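# Overview (structure and organization)
Listed below, chain by chain, are the residues.
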Amino acid sequence: MGSPVLPDLGTEILIPVCAIIGIGFSLFQWLLVAKVKLTPGSAASNNSGGAGKNGHGDYLIEEEEGLNDHNIVLKCAEIQNAISEGATSFLFTEYQYVGIFMVAFAILIFVFLGSVEGFSTKSQPCTYDPLKLCKPALATAGFSTIAFVLGAITSVVSGFLGMKIATYANARTTLEARKGVGKAFITAFRSGAVMGFLLAANGLLVLYIAINLFKLYYGDDWEGLFEAITGYGLGGSSMALFGRVGGGIYTKAADVGADLVGKVERNIPEDDPRNPAVIADNVGDNVGDIAGMGSDLFGSYAESSCAALVVASISSFGINHELTPMLYPLIVSSVGIIVCLLTTLFATDFFEIKAVNEIEPALKNQLIISTVLMTIGVAVVSWIALPSSFTIFNFGTQKVVKNWQLFLCVAVGLWAGLIIGFVTEYYTSNAYSPVQDVADSCRTGAATNVIFGLALGYKSVIIPIFAIAVSIFVSFSFAAMYGVAVAALGMLSTIATGLAIDAYGPISDNAGGIAEMAGMSHRIRERTDALDAAGNTTAAIGKGFAIGSAALVSLALFGAFVSRAAISTVDVLTPKVFIGLIVGAMLPYWFSAMTMKSVGSAALKMVEEVRRQFNTIPGLMEGTAKPDYATCVKISTDASIKEMIPPGALVMLTPLIVGIFFGVETLSGVLAGSLVSGVQIAISASNTGGAWDNAKKYIEAGVSEHARSLGPKGSDPHKAAVIGDTIGDPLKDTSGPSLNILIKLMAVESLVFAPFFATHGGLLFKIF
């Protein structure tokens, strides 16, 4: 079968070094962002010339067209502090509740897995080689619990650091917009890169350290070691679920309240400082789209790595104790960090943004460049880190696979991600006809806008599903479930770049809000609006990546669960499986209903509060009195904390209830059903919401003759577009993105508890 070119020592050096380079690069980007000062004294020197790199002679607008520069900088700093404090306060409150859950669930993991062998401390015959002795089930219970806590903490830290970076950078992006759109773009993008590289590198480094520490105990029992490591993915995703749902409810309650009263009823601009919900809205962008997305993509990365490692441990890599091929998924991720580092330089150093219409192509090029470079990187890695031929576990048999076939598995996932990204862009960017058609439908009111938007979302599912289907077919044909797992890893291998362009969106959105609240000129606001419109599309692309990778990750975890639970076949014609299938397909609808209603309930309270303040605070509309921002922030915080618990409980309890009472066969049906329906709803919801948002921005920007015929702000078509955007907000930022966590989390939870379900599950069928 041959040996890999890369020695084990090379692997043990390569992975941590790449992770440390990623952390170092993110800190370097942060230092560059930090050069933009938020103090008036240094602002003068900072703003003295705009003709530097990416400034292109864009002159500093004459004293902000009559506004005192010192006051502008101080105002920006004040608003940034309010947003940062609100976001930090919310996350600390959320993490207190989530911490209680984390401790309770960790105890549950230990008790359930420990009881598989009656808490015995004796070594057991290995599942896949009965002649050998493996570590006791109690050890797996203990180490799975430790891995769960590690994954949960890493997920929480990833989300929190991302939020801190974003709130640090938003006002700095606003101030840089005075020198030109190029300067502002670089500040926002570099800030996004800080989050992207920190998350990718931390996730990789913690997983690598955990494997090496666990190996001190497990020794040659790699099967038990990597089974315990699956807790890492479960911890990451369970935190991501609460981060996504809680953050999504927070941001959309504030956004809907601000838009319905401010834009539709009072006819004031978005982010107008007179609007009481405006600070809560900007806080929400950071806790939902930054902290939530960071935890979400970290969960996907952790789970795809864990799924690949579990299958590899019972393949020739694990059986023969070949370290380098065994850690192939981590090597792919390591190379991904270096590739993303080079890709980032194309946006910040090699090319210059000179005009507004160059922003979106620059972000799109990030995806293309990273995919092309990563394809070359994966080809090299597959040649040096894998034997020319090896075997992969395939439902009870060992399938012979060549290294070039595994390369194709990773590559097909990588390119499927790019296709999903471009399709998402086509359906959500206002540069193309689908969104322009939705905007045009606003001529006849909100109803036709809603009809066109829903149709667009349903239609946008077609090509991504075919891309996912081709990925699954190719990767499974070549390397069974291991192929599917590394295809998911391929899609996520450029996670640092994906997160950079994703985090760029909320940072730009906040920058525009700060410009409006600080009373900056119309020209500055036009620049930040252009950054924000491109960011809307990139956020939609990020969600497309997250959903596509979730489908592949879930299938890989499903395969690992079926193997771990010793199910020979999943036969949909048996009633046990079919009832699971139909119930599983229903769960995403139930979950979506809960999250949508939660946003609606929270938004109702927000609308009432905003109306109350406009009606009872004298001089608020005239701008002579200040609104009570704190009350709106509190409404969003309280509502999101309270409302995130029922959807979270639904996802976390379903596998436990089904596995214990109905057994592993019914649970396999539930997992398959939720995967099939969840992916479709998630793509449709995200793209519908993104299209409605950009249709509104298309009318507001008025860059074409067609757009101007629908405007200006405050016209009937614009009001219809705002209503569409308001309906789409919870779809694209709460329900849609949370669904991909639902399908991943149920699958990884089932995998972790598989030994318990296989031993003690199916109580109802045993009774009857």
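Everything below is about the structure printed above this text.
Because the structure is predicted, anything quoted here is derived from the model rather than measured.

## Topic: the overall build of the protein
Along its length, the protein carries 25 helices and four strands. Taken over the C-alpha trace, the protein has a radius of gyration of 26 Å; the compact-globule value for 768 residues is 27 Å, and the two agree within 12%. Its C-alpha atoms give the protein principal-axis dimensions of roughly 85 × 55 × 40 Å. Residues classed as buried in the protein amount to 65% of the 768 residues present. Intrachain contacts of the protein at a sequence separation of at least 6 include 85% that bridge at least 24 residues. On the protein, roughly 25400 Å² of surface is accessible, and the fraction owed to carbon and sulfur atoms is 68%.

## Describing the nonpolar core
Ranked by size, the top nonpolar core spans 232 residues in total, and within it Phe185, Tyr328, Ile359, Tyr482 and Phe561 carry the most contacts. No other element matches the 22 residues that helix α6 (residues 181-218) contributes to this core.

## Side note on the environment of Ser441
Relative to the assigned elements, Ser441 resides in the loop between α14 (433-440) and α15 (446-459). Look at Ser441 and you get buried, because its relative accessible area is 6%. Along the sequence, Ser441 and Glu322 sit 119 residues apart, while their C-alpha atoms lie 60 Å from each other. Excluding residues that lie within four positions of it along the chain, Ser441 makes contacts with Thr448, Asn449 and Phe452.

## A closer look at unusual backbone geometry
Backbone geometry places His321, a non-glycine residue, at a positive phi of 55°. With respect to the element layout, His321 can be found in the loop between α9 (316-319) and α10 (323-326). The backbone phi angle of Ala480 is positive, close to 50°, even though this residue is not glycine. Examined against the element boundaries, Ala480 turns out to sit in helix α16 (residues 462-492). On the accessibility criterion, Ala480 (1% relative accessible area) is buried.

## A word on the pattern of salt bridges
Going through the model one piece at a time under the given rule, you end up with 25 salt bridges. Ionic pairing is found between Asp296 and Arg244, a salt bridge with its closest N-O pair at 3.7 Å. Of this pair, Asp296 sits in helix α8 (residues 278-313) while Arg244 is found in helix α7 (residues 222-265), placing the two residues 52 residues apart along the sequence. Each of the two residues, Asp296 as well as Arg244, counts as buried.

## Section: the packing of aromatic side chains
Enumeration according to the criterion identifies 27 aromatic pairs in this entry. Taking the centre distance of 5.7 Å and the plane angle of 80° together, the rings of Tyr232 and Phe298 count as edge-to-face. Pair noted here: Tyr232 is in helix α7 and Phe298 is in helix α8, with a separation of 66 residues, a long-range link. One exposure class covers both Tyr232 and Phe298, and it is buried. Each member of the aromatic cluster is reached from another via a ring pair, and the members are Phe101, Phe105, Phe112, Phe148, Phe242, Phe753, Phe756 and Phe757. Stacked on the ring of Tyr217, the Lys or Arg Lys135 has its end atom at 4.9 Å from the ring centre. One cation-aromatic arrangement involves Arg172 over Tyr168; the distance from NZ or CZ to the ring centre is 3.8 Å.

## Some points on the pairing of strand β3 (residues 389-394)
Of all six residues that make up β3, five are buried, and the element is covered over most of its length. Inspection of the sheet shows β3 paired to strand β4 (residues 397-402) by six bridges, in the antiparallel sense. Paired with Phe390 across the bridge in β4 is Val401. Linking β3 back to β4 in an antiparallel pair, the connection comprises two residues, with Phe395 at a positive phi of about 50°.

## Observations regarding the environment of Val722
Secondary-structure assignment places Val722 in helix α24 (residues 716-760). In this structure, the C-alpha to C-alpha distance between Val722 and Lys697, residues 25 residues apart in sequence, is 9.2 Å. The residues contacting Val722, other than those within four sequence positions of it, are Asp259, Lys263, Val264 and Lys696.

Definitions and limits used
- Residues numbered from 1 in each chain as written.
- Predicted model: local features only at pLDDT ≥ 70, side-chain atom pairs only at ≥ 80, totals over all residues.
- Heavy atoms only, no water.
- Helix = DSSP H or I, 4+ residues; strand = E, 2+ residues; numbered from the N terminus.
- Rg over C-alpha atoms; globule rule 2.2 N^0.38 Å.
- Buried < 20%, exposed > 50% of the residue type's maximum accessible area, 1.4 Å probe, protein only.
- Contact = heavy atoms within 4.5 Å.
- Areas by Shrake-Rupley, 256 points an atom, 1.4 Å probe, with all protein chains shown as cover.
- Core = buried A, V, L, I, M, F, W, Y, C linked by side-chain atoms within 4.5 Å.
- Salt bridge = Lys/Arg side-chain N within 4 Å of Asp/Glu carboxyl O.
- Phe/Tyr/Trp six-rings, centres within 6.5 Å; stacked < 30°, edge-to-face > 60°.
- Lys NZ or Arg CZ within 6 Å of the ring centre and 35° of its normal.
- Pairing = 2+ DSSP bridges.

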